[in-house]
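# Report on the structure
Now for the letters of each chain:
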Amino acid sequence: MRDAARMPPGDEDTPGLPALALALLAGAGLCLLLPQLPPWPPVLLLPTCIWLTVNLWRWRRRRWSPAWGMAGALFLGFGLTGLQATSTLARQLPGALEQRDIMVSGRVLDLPQDDLRSTRFLLRVDADSAQQAELRGKRLQLTWYDDDKHRMVAGSARQPGAGRFRLHAGSRWRMTVKLRAPRGLRNPGGFDSEKQALANRIAATGYLRDPEGAREIEPPTGIDAWRERMSARIARAVAVPSSRYVRALALGDTRAIDDVDWERLRAVGVTHLIAISGFHVGMVAGFVALLASLIWRLFPSLGRRLPRQHAVAIAAVVGGLAYAAVAGFALPTVRTVFMIAVVVLAKLLRRAQRTVDVLSLAVIGIVLVDPLSLLVAGFWLSFAGVAWLLWCLPPGADRSMRARLREFFSAQAVATVGLLPLGAVLFGQASLAGPFANLIAIPWWSLVVVPLALTGTALEALHAGMGAWCWRLAAWTFDLAWPLFQRLSDSPLALWWLPEAKWYALPLALFGGFWLLLPRAIPGKPLALLLWLPLLWPDRELPQPGAAELVVLDVGQGLSVLVRTAHHNLLYDMGPARPEGFDAGERVGVPALRALGVTHLDMAIVSHGDNDHAGGFPAVARAFPPALALTPEGAPPLPQGRPCIAGHAWQWDGVRFRFLHPPLYFPYLGNNAGCVLRVESAHGSALLAADIDQVVERDLIRRSPADVRADVIVVAHHGSNGSSDPAFVSATGARYALISAGYGNRYRHPGPATVARWQQAGAVVLTTMDTGAQRVLLAGPGILVQLRRQTQRRLWDAAGRAERRL
């Protein structure tokens with residue numbers, strides 16, 4: 001009662017830090033969920049409202065309600081996020097500068113990412129008057145392509161002084177580039193590069209126009225340059241494959257970890273341990289704090305100037321901050337530094353602070369400084385994991401070994417149940433082997449491998465060559481456990497791919513996890529598992545018997561169409577693939593098939609051998625081996641392949657499929673030998689016209705005019721002016737003309753005349769560069785069309801913003 005009497009009036013009603021953090025987070029999240037940003041004046045008014053609310057609270061303090069504080073935090077989160085998003089999107093490259101050669105100079109940020117034929121890197125343009133006004137001080141995501149004489153050999157190291165390998169982190173360069181505003185592909189299960197560009201403040205993407213003319217104007221400097229040099233030393237000192245993991249654990253350098261490695265790591269659920277995490281930062285901070293404590297004990301006179309407890313606390317912050325810089329300020333490291341700083345500040349001020357309040361202050365700090373960090377999956381996984389553990393595992397008085405082991409196993413269970421819904425939504429997958437693998441990986445890597453890797457880095461920083469033995473020992477200890485993880489990744493307990501779920505599946509699953517983690521006495525826990533069903537077993541929305549669905553994937557300048565019936569799947573073309581570059585089969589086709597719930601391919605059709613149609617086939621075939629593959633006679637052969645021939649027909653689930661072209665003995669003529677497929681359901685028909693030109697189109701009309709009539713047509717040759725003959729367009733009578741073409745493609749597809757021709761014939765013309773993936777359902781009373789960019793509107797959507805500007 002005495003404590004209560006001393007409290008200032010109204011303080012007992014003040015909302016706690018966790019409530020304020022949740023309100024701030026909710027406001028920022030609500031803003032990012034908007035399909036488009038409101039005009040900037042309302043966004044600017046929100047902070048004003050916050051200011052007025054706070055002053056009202058001061059005036060009427062005795063009648064203060066926690067709701068005022070939470071409302072203020074919510075509005076503040078919404079306003080700050082809106083302002084940041086508006087400012088970042090407005091700073092992206094204007095359309096007038098796209099596809100122009102521009103001379104820029106700037107500094108290379110982070111570590112350049114090498115592929116066999118190219119290097120990707122971030123460049124921050126100088127802010128001086130010599131630069132294009134619209135680019136000053138902005139970040140560009142660039143690619144440096146090379147020629148054969150500078151090509152990298154698989155598995156080799158960088159060749160200093162050769163072509164693009166002269167590029168190093170922290171160096172300044174002058175180069176000629178061709179740019180465009182961030183623009184990505186939109187598909188089920190696909191990576192959202194436009195969201196990533198917003199989160200990373202990327203103003204434009206592009207490539208070097210004159211690689212030979214690129215000139216370094218200042219040598220590498222700064223922390224990123226040091227990280228790159230240290231990574232190269234590890235690569236030279238540790239001549240075993242696990243060297244790449246030592247570099248990742250010591251420096252956060254994951255450039256050498258390829259797609260196969262990441263697939264294995266995901267399969268056993270240990271990707272969070274490979275990149276530098278908050279645990280690593282805490283370990284370094286603790287070590288530096290211990291070192292400071294020893295120094296103060298050895299030299300007691302230092303305590304006269306600064307008490308030992310204060311020195312230890314400050315040393316922990318400095319150590320954590322320094323290591324976060326070494327790791328490139330990854331989000332988990334920033335979170336940990338925030339938490340350490342809060343604890344240190346409380347200790348310096350001699351105020352007790354609950355762990356949950358420390359976490360809440362870290363959330364508030366990061367959202368206030370960078371509200372767009374909510375767009376990064378690591379933000380949610382990082383804070384959600386700590387929050388679940390704090391709620392479920394309060395610290396106990398029993399510190400015996402048995403109690404510690406019980407806490408460790410309980411933490412694994414909590415992390416698995418609590419983070420599974422987030423992982424399923426963010427990545428479309430779950431690892432059944434994850435809990436078992438983490439029981440070994442967390443203690444072994446975190447307590448043995450990581451300390452050795454960090455010790456080697458610290459020794460190497462003191463003197464060149466001192467850290468080599470420690471790095472080798474770290475690689476040896478890593479290799480002891482790695483074979484077990486490889487076997488687990490190949491087992492049936494590996495990755496479980498999940499179809500895309502409805503929006504309500506995540507909150508239901510989180511509530512189900514909350515219910516499961518309540519104390520044992522709470523009844524009805526088996527019922528909580530039912531709340532996970534919408535997430536783990538969502539409705540795949542398969543067509544009914546007699547109906548068919550077409551999904552035209554957004555693969556850029558290429559074509560890939562999934563045709564589904566009630567129990568069968570056919571993939572028509574797989575999009576383009578560049579050697580050691582973008583592979584539409586791997587980046588678009590496979591994730592989309594998994595997100596749509598496809599478990600097998602009954603047939604794969606490669607309409608002809610051009611790369612923009614056939615390039616993605618190997619990647620798709622590895623993940624979904626087709627029972628049968630068809631391609632024109634004379635085209636590059638396919639495994640289990642047979643030729644597509646006009647007249648060949650079959651029926652699946654009440655839907656009839658028939659080839660209209662090429663006829664028997666037709667010579668292989670590239671585009672004009674393409675497999676033309678007709679799909680007939682009880683509710684409508686579709687025509688997939690490959691890349692045929694007007695000559696073949698007129699021949700199809702001559703052979704059978706009734707066969708080309710269709711409700712939906714995938715327009716031939718990406719809508720080029722050499723296809724879509726006027727007579728053919730009229731003969732189809734199509735209601736929807738679907739065009740697959742890439743934004744800003746060099747062929748200028750689709751041709752304006754072709755689009756106008758289809759529109760004049762009464763068809764609705766839809767192009768993937770504007771709509772994203774297109775889903776067309778031939779069922780029921782009519783034709784249902786769903787466009788990815790329209791059904792899932794996002795405020796950072798480039799096509800939507802361009803349309804609104806028009």
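Residues numbered from 1 in each chain as written. Predicted model: local features only at pLDDT ≥ 70, side-chain atom pairs only at ≥ 80, totals over all residues. Heavy atoms only, no water.

### Quick word on the overall build of the protein
Regarding its fold elements, the protein presents 30 helices and 23 strands. Out of the 806 residues in the protein, the part that is buried amounts to 49%. Counting contacts in the protein only where the partners sit at least 6 residues apart, residues at least 24 apart contribute 70% of the total. (Helix = DSSP H or I, 4+ residues; strand = E, 2+ residues; numbered from the N terminus. Buried < 20%, exposed > 50% of the residue type's maximum accessible area, 1.4 Å probe, protein only. Contact = heavy atoms within 4.5 Å.)

### A short note on the pattern of salt bridges
Tallied over the full model, the rule gives 28 salt bridges. The partner of Arg-209 in a salt bridge is Asp-101, with the nearest N and O atoms 3.0 Å apart. Linking Arg-209 in the loop between β5 (202-208) and β6 (215-218) with Asp-101 in strand β1 (residues 101-114), this pair joins segments that are 108 residues apart in sequence. Overall, the relative accessible area of 40% leaves Arg-209 in the partly exposed class. Here Glu-500 makes a salt bridge to Arg-788, at a shortest N to O gap of 2.8 Å. A residue pair is termed long-range when its members are at least 10 positions apart, and Glu-500 in the loop between β8 (495-497) and α19 (505-516) and Arg-788 in helix α29 (residues 788-791) qualify at 288 residues. (Salt bridge = Lys/Arg side-chain N within 4 Å of Asp/Glu carboxyl O.)

### Some details on the sheet that holds strand β20 (residues 736-739)
The strand order β15-β16-β17-β18-β19-β20-β21 describes an open sheet built from seven strands, whose pairing is mixed. The sheet terminates laterally at β15 (649-652) and β21 (764-767), the two strands that pair on one side only. Between one strand axis and the next, the sheet turns through 20° on average, direction left out of account. Summarising the sheet, β15 and strand β16 (residues 655-661) pair through four bridges and their orientation is antiparallel. The partner of Ala-649 across the bridge, within β16, is Arg-658. Here helix α25 (residues 694-703) sits on the sheet and contacts β16 and β17 (676-681); the angle it forms with β16, its principal contact strand, is near 120°. The sheet contacts of helix α27 (residues 752-760) involve β19 (712-714), β20 and β21, and relative to β21 the element is tilted by about 145°. (Pairing = 2+ DSSP bridges. Axes fitted to C-alpha atoms, helices over the stretch in contact; angles between N-to-C directions.)

### Some points on the sheet that holds strand β22 (residues 774-779)
Pairing is mixed across the open sheet formed by eight strands, whose spatial order is β14-β13-β12-β11-β10-β9-β22-β23. On the outer flanks of this sheet lie β14 (641-643) and β23 (782-787), each paired with one strand and no other. Averaged over neighbouring strand pairs, the angle between their axes works out to 20° when direction is ignored. As paired strands, strand β12 (residues 603-605) and strand β13 (residues 629-631) are joined by two bridges and run parallel to one another. By the bridge assignment, Ala-604 is partnered in β13 with Ala-629.

### A few points about the confidence of the model for the protein
Per-residue confidence for the protein gives a mean pLDDT of 87; residues scoring 70 or more make up 90%. This model gives residues 1-13 a pLDDT under 50, and the stretch forms 10 contacts once residues within four places in sequence are excluded. Predicted confidence for residues 152-157 stays below pLDDT 50, and this span has 10 contacts to residues more than four positions away or in other chains. (pLDDT = per-residue confidence, 0-100.)

### Regarding the environment of Asp-554
If you trace the backbone, Asp-554 turns up in the loop between β9 (548-552) and β10 (561-564). In sequence terms Asp-554 and Thr-767 are 213 residues apart; their C-alpha atoms lie 9.1 Å from each other. Asp-554 has contacts with Gly-184, Leu-185, Arg-186, Asn-187, Val-588, Thr-768, Gly-772 and Ala-773, leaving out every residue within four places of it along the chain. Here Arg-186 takes part through its backbone nitrogen, which lies 3.1 Å from a polar atom of the side chain of Asp-554. (Polar contact = N/O pair within 3.5 Å; in protein donor to acceptor, adjacent residues only side chain to side chain.)

### Quick notes on the side chain of Ser-293
Note that Ser-293 resides in helix α10 (residues 278-298). Owing to a relative accessible area of 10%, Ser-293 belongs among the buried residues under this scheme. Reaching out from Ser-293, the side chain makes a polar contact with the side chain of Arg-308 at a distance of 3.2 Å. Discounting chain neighbours no more than four positions away, the residues touching Ser-293 are Arg-308 and Val-312.

### Brief notes about α25
When α25 is considered as a whole, its buried residues turn out to be Gln-694, Val-696, Glu-697, Leu-700 and Ile-701. An end-on view of α25 places all buried positions within 165° of arc, on one side of the element. Across from the buried face of α25, at angles greater than 90 degrees, the exposed residues are Val-695 and Arg-702. Residues of α25 that are buried sit in contact with β16, β17, α26 (726-732) and α27. The N-cap of α25, judged by a side-chain oxygen 3.0 Å from the amide nitrogen of Val-695 a few residues on, is Asp-693. (Arc of directions from axis to C-beta.)

### With respect to the side chain of Arg-775
Looking at the secondary structure, you find Arg-775 in strand β22. Within the local environment of Arg-775, its side chain forms a polar contact with the side chain of Glu-549, the two groups lying 2.8 Å apart. Leaving out residues up to four positions away in the same chain, Arg-775 has contacts with Glu-541, Glu-549, Leu-550, Val-551, Arg-564, Leu-596, Leu-784, Val-785 and Gln-786.

### Here we look at the packing of aromatic side chains
Applying the stated criterion to the full structure yields 18 aromatic pairs. Each residue in the set Tyr-245, Trp-445, Phe-478, Trp-482 and Phe-485 is aromatic and connected to the rest through ring pairs, giving one cluster. Its guanidinium or amino end placed over the ring of Tyr-743, Arg-183 lies 4.0 Å from that ring's centre, counting from NZ or CZ. In this arrangement the basic side chain of Arg-594 is found over the ring face of Trp-497, its NZ or CZ atom lying 3.9 Å from the centre. (Phe/Tyr/Trp six-rings, centres within 6.5 Å; stacked < 30°, edge-to-face > 60°. Lys NZ or Arg CZ within 6 Å of the ring centre and 35° of its normal.)

### What about the state of the cysteines?
Throughout the structure, instances matching the rule amount to one disulfide. Shown here is the disulfide that connects Cys-644 with Cys-675, its sulfur atoms set 1.9 Å apart. Negative torsions about the S-S bond denote left-handed disulfides, and the value of about -70° found for Cys-644 with Cys-675 makes this one left-handed. Within this pair, whereas Cys-644 is found in the loop between β14 and β15, its partner Cys-675 is found in the loop between β16 and β17, the two being separated by 31 residues in sequence. Overall, the relative accessible area of 2% leaves Cys-644 in the buried class. (Disulfide = S-S within 2.5 Å.)

### Here's the deal with a nonpolar patch on the surface
Taken together, the side chains of Phe-287, Leu-291, Ile-295, Leu-298 and Phe-299 present a nonpolar region at the surface, about 540 Å² in accessible area. Along the chain, Ile-295 falls in helix α10. Its relative accessible area of 35% is what places Ile-295 among the partly exposed residues. (Patch = residues over 30% accessible without salt bridge, like charges linked within 9 Å, V, L, I, M, F, W, Y side chains within 5 Å. Areas by Shrake-Rupley, 256 points an atom, 1.4 Å probe, with all protein chains shown as cover.)

### Digging into the nonpolar core
Within the largest apolar cluster, 41 residues are counted, with the highest numbers of intra-cluster contacts made by Val-270, Ile-274, Trp-445 and Phe-485. Sorting the residues of this core by element identifies α6 (223-237), α7 (243-251), α9 (271-274), α10, α12 (308-326), α17 (434-462) and α18 (468-489) as the ones contributing at least two each. Excluding anything up to four places from it in sequence, Ile-274 contacts Tyr-245, Ala-248, Leu-249, Ile-257, Trp-262, Leu-265, Trp-445 and Phe-478. Ile-605, Val-655, Ile-783 and Leu-787 belong to the second-largest nonpolar core, a separate cluster that totals 33 residues. (Core = buried A, V, L, I, M, F, W, Y, C linked by side-chain atoms within 4.5 Å.)

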